[in-house]
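Observations on chain architecture
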Amino acid sequence: MKIKQLKLGPMDNFSYIVWDESLNEAAVIDPAWQPGAIEEFLLHEKLALKLLLLTHAHPDHANAALYFLQKDKDLALTMHKEDAFLLDDAVSAGGGSAGLFGGKPLKLLNGEEELALGRGKIKVIHTPGHTPGSVSYAADGAVFTGDTLFVGECGRVDLPGSDPKALRQSLLKLAALPDNAVVWPGHAYNGNTSTIGVQKEYNIYMKLAAKSEAEFLKAAV
Ligand SMILES: [Fe+2]
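Note that the coordinates shown come from a computational prediction; the quantities given were computed from them, not determined experimentally.

Looking only at helices and strands, the protein chain has seven helices and 16 strands in total. For 221 residues, the compact-globule estimate of 2.2 N^0.38 gives 17 Å, and the protein chain sits close to it at 16 Å. The buried share of the protein chain, taken over its 221 residues, is 52%. Partitioning the contacts of the protein chain with sequence separation of at least 6, the portion at a separation of at least 24 is 58%. Put simply, the protein chain shows about 9800 Å² of open surface, and 52% of that area lies on carbon and sulfur atoms.

Have a look at this one:
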């Protein structure tokens, strides 16, 4: 799998294009701010967009989703079901796995699914805390952590649906990944990329999460 990181918009957000080279099928993770820049890259590399994924449904990670959904009726916006409340116009069908977003297909994850991309796979890891439906996506030695884990920081836990105790558990879940797993965060805070091993050693929130719930809550809340 190959990865392109694009820093877009006024809040230093990252959108990611992840693709399987054998079939040139791509996923866009957190389509936001400048769909034209994302589209230009897809065209330049001759990639077919197959998956449109959100790490969570805050607008700064999702505000270009509709652009891609309007262009391709076969695409569905894919995100965790517990973040559907953040989409004004999401209609969940019977609490199940399908619905609509802006009149376009919405595929709601339960967490822990494996999504096929070309000949590869993207594993969904439910990492709630910043929002209840935050997920990280793991693929081929990389993990896209959204606003759960940044370089040297963790996500805010003072927003609607935030849960600091859940965030601690999610950081512990990420800490259990291989030390050499490459971290690709949702914002360019302190740096663009790192590894799980380096974050376990230097990220104060990762360290306190491992130490105790009380210590973590004291620092994070
Ligand atoms: Fe966020």
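On we go.
With respect to the helices and strands, Leu-66 occurs in helix α3 (residues 65-71). Expressed as a C-alpha distance, the spacing of Leu-66 and Gly-102, which sit 36 residues apart in the sequence, is 7.2 Å. Residues contacting Leu-66, with those up to four places away along its chain left out, are Phe-101, Gly-102 and Lys-104.

Before going further, it helps to spend a moment on the coordination of the iron ion. Each protein donor to the iron ion is listed here as His-56 (NE2), His-58 (ND1), His-130 (NE2) and Asp-147 (OD); together their distances run 2.3 Å. For the iron ion, the four donor atoms in the first shell make angles of 86 to 178° at the metal, a pattern classed as irregular. Site description for the iron ion: donor spacing in sequence, H-x1-H-x71-H-x16-D. With His-56 in the loop between β4 (48-53) and α2 (59-62) and His-130 in the loop between β10 (120-126) and β11 (135-139), this pair connects stretches of sequence that are 74 residues apart. No difference in accessibility class separates His-56 from His-130, as the two residues are buried.

On to the pairing of strand β2 (residues 13-20). The element β2 is largely enclosed, with a buried count of eight among its eight residues. In textbook terms, the turn of a hairpin is the stretch between consecutive antiparallel strands, and for strand β1 (residues 2-8) and β2 this stretch comprises four residues, one of which, Gly-9, has a positive phi near 85°. Where β2 meets strand β3 (residues 25-29), five bridges bridge the pair, whose relative direction is antiparallel. Considered in β3, the bridge of Trp-19 is made with Ala-26. The antiparallel hairpin formed by β2 and β3 contains four residues in its connecting segment, where Asn-24 sits at a positive phi of about 55°.

When you line up the elements, Asp-72 lands in the loop between α3 and β5 (77-80). With 94 residues separating them along the chain, Asp-72 and Ala-166 place their C-alpha atoms 36 Å apart.

Per the stated rule, a full pass over the model turns up six aromatic pairs. For the ring pair Phe-14 and Tyr-16, a centre distance of 5.9 Å and an interplane angle of 45° mean the geometry is tilted. Take Phe-14: its relative accessible area is 2%, and that puts it in the buried class. Looking at Tyr-16, the relative accessible area reads 2%, which means it is buried. In this structure an aromatic cluster arises from ring pairing among Phe-14, Tyr-16, Phe-144 and Trp-184.

The rules behind the values
- Residues numbered from 1 in each chain as written.
- Predicted model: local features only at pLDDT ≥ 70, side-chain atom pairs only at ≥ 80, totals over all residues.
- Heavy atoms only, no water.
- Helix = DSSP H or I, 4+ residues; strand = E, 2+ residues; numbered from the N terminus.
- Rg over C-alpha atoms; globule rule 2.2 N^0.38 Å.
- Buried < 20%, exposed > 50% of the residue type's maximum accessible area, 1.4 Å probe, protein only.
- Contact = heavy atoms within 4.5 Å.
- Areas by Shrake-Rupley, 256 points an atom, 1.4 Å probe, with all protein chains shown as cover.
- Donors = N, O, S within 2.8 Å, 3.2 Å for Na, K, Ca; no water.
- Tetrahedral: all angles 85-135°; square planar, octahedral: opposite > 155°, others 65-115°.
- Pairing = 2+ DSSP bridges.
- Phe/Tyr/Trp six-rings, centres within 6.5 Å; stacked < 30°, edge-to-face > 60°.

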